[in-house]
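Inside the fold
Given next are the chains, with one letter for each unit.
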Amino acid sequence: VVTALKRGDGDLAVGRFRSGSKLSRGFAEGPAIEETVLSLFCRKGAKVEKIEDLNNKRMILFEKDMDLISPDNVKYRVPNITIDVWVNGRILEAFRDVALKNSDCVIAENFEGLFWAETYLTINKVKSVTSPYSLNWLFPPSQDSLTNLIRSWMMTASRRDEVTKIHDRYHLYICELDEND
């Protein structure tokens, strides 16, 4: 999607792009569509309840998230951890890797991780590992009028609770079930 936007094949990248990330550089960012965190998800049998329990464990970290969580900082706190940095992997593959016991844990965006933890019942969320950050849509810098139009729509939709209705219908249900079941 981002490559197509760079080529001029579109006017808007609708997705969950982290504000200020490498991927969003060179684009105008739309209003924040949600706040999220990175979380640690581990195989239930791995006996991980806190970061320090990662000693002698294997963890997957996506390269795209390394501006929020550094392998060096993790290794400083947990010297005997093995960190596999995935450059082009997909979150589904990472959860499958953990479920197959090739890795013990994965760091993933919270809502995406909760979604896949519903599929792989042997994996659960241990804890959030970053401060909250915003997710945005992206616009080419030349699209000021479209960016302003989307910002205006978001403000109006927010006042009418339309954003919350969309969010509840398509996104939060799984997460709410996890917290309330």
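Let me begin by describing the structure that accompanies this report. Numbering of residues starts from 1 in every chain and runs along the sequence as written. Only residues with pLDDT of 70 or above have their local features reported here, since the model is predicted, and side-chain atom pairs are shown and tallied only from 80 upward, although totals for entire chains, interfaces and linings are computed over all residues. In computing side-chain properties, one takes all heavy atoms of the structure into account and sets aside hydrogens as well as water.

We now examine the overall build of the protein. Helix and strand labels come from DSSP, where a helix needs a run of H or I of at least four residues and a strand needs a run of E of at least two; each type is numbered from the N terminus. A count of helical and extended segments in the protein gives six helices and eight strands. Shown N-terminal to C-terminal, the secondary structure of the protein runs as helices and strands in the order α-β-β-β-β-α-β-α-β-α-β-β-α-α. C-alpha atoms of the protein, sized along the principal axes, occupy 55 × 35 × 25 Å. A burial count over the protein gives 43% of its 181 residues as buried. Taking all contacts inside the protein whose residues are at least 6 apart in sequence as the whole, residues at least 24 apart take part in 76%. Here the Shrake-Rupley method, with its probe set to 1.4 Å, supplies the accessible areas, and only the displayed protein chains count as covering residues. Put simply, the protein shows about 10,600 Å² of open surface, and 49% of that area lies on carbon and sulfur atoms. Within the protein, the 27 negative side-chain charges are centred at a point lying 3 Å from the centre of the 25 positive side-chain charges. For each residue, the accessible area found with a 1.4 Å probe, counting protein chains only, is set against the maximum for its type, and the residue is called buried under 20%, exposed over 50%, and partly exposed in between. Contact between two residues is taken to exist if any of their heavy atoms lie within 4.5 Å; hydrogens are not considered. Neither His nor the chain ends contribute to the count of charged residues, in which Lys and Arg are positive and Asp and Glu negative. Just so you know, the charge point we use is NZ for Lys, CZ for Arg, CG for Asp and CD for Glu.

This part is about the environment of N110. Its place among the elements puts N110 in helix α4 (residues 110-119). Judged by relative accessible area, which is 9%, N110 ranks as buried. The contact partners of N110, leaving out residues within four places of it in the chain, are T36, V37, S39, F41 and K125.

We now examine the pattern of salt bridges. Within this document, salt bridges are pairs made up of a side-chain nitrogen of Lys or Arg and a carboxyl oxygen of Asp or Glu, the two lying within 4 Å of each other. Applying the stated criterion to the full structure yields eight salt bridges. R43 is the partner of D104 in a salt bridge, and the nearest nitrogen-oxygen pair spans 2.4 Å. Of the two residues, D104 is situated in the loop between α3 (91-99) and β6 (105-109) and R43 in strand β3 (residues 38-43); the sequence distance between them amounts to 61 residues. By the burial criterion, D104 is buried, and R43 matches it. Here D53 makes a salt bridge to K50, at a shortest N to O gap of 3.3 Å. Judged by its relative accessible area of 43%, K50 is partly exposed. Because the salt bridges share partners, they merge into one network encompassing R18, K64, D65 and D67.

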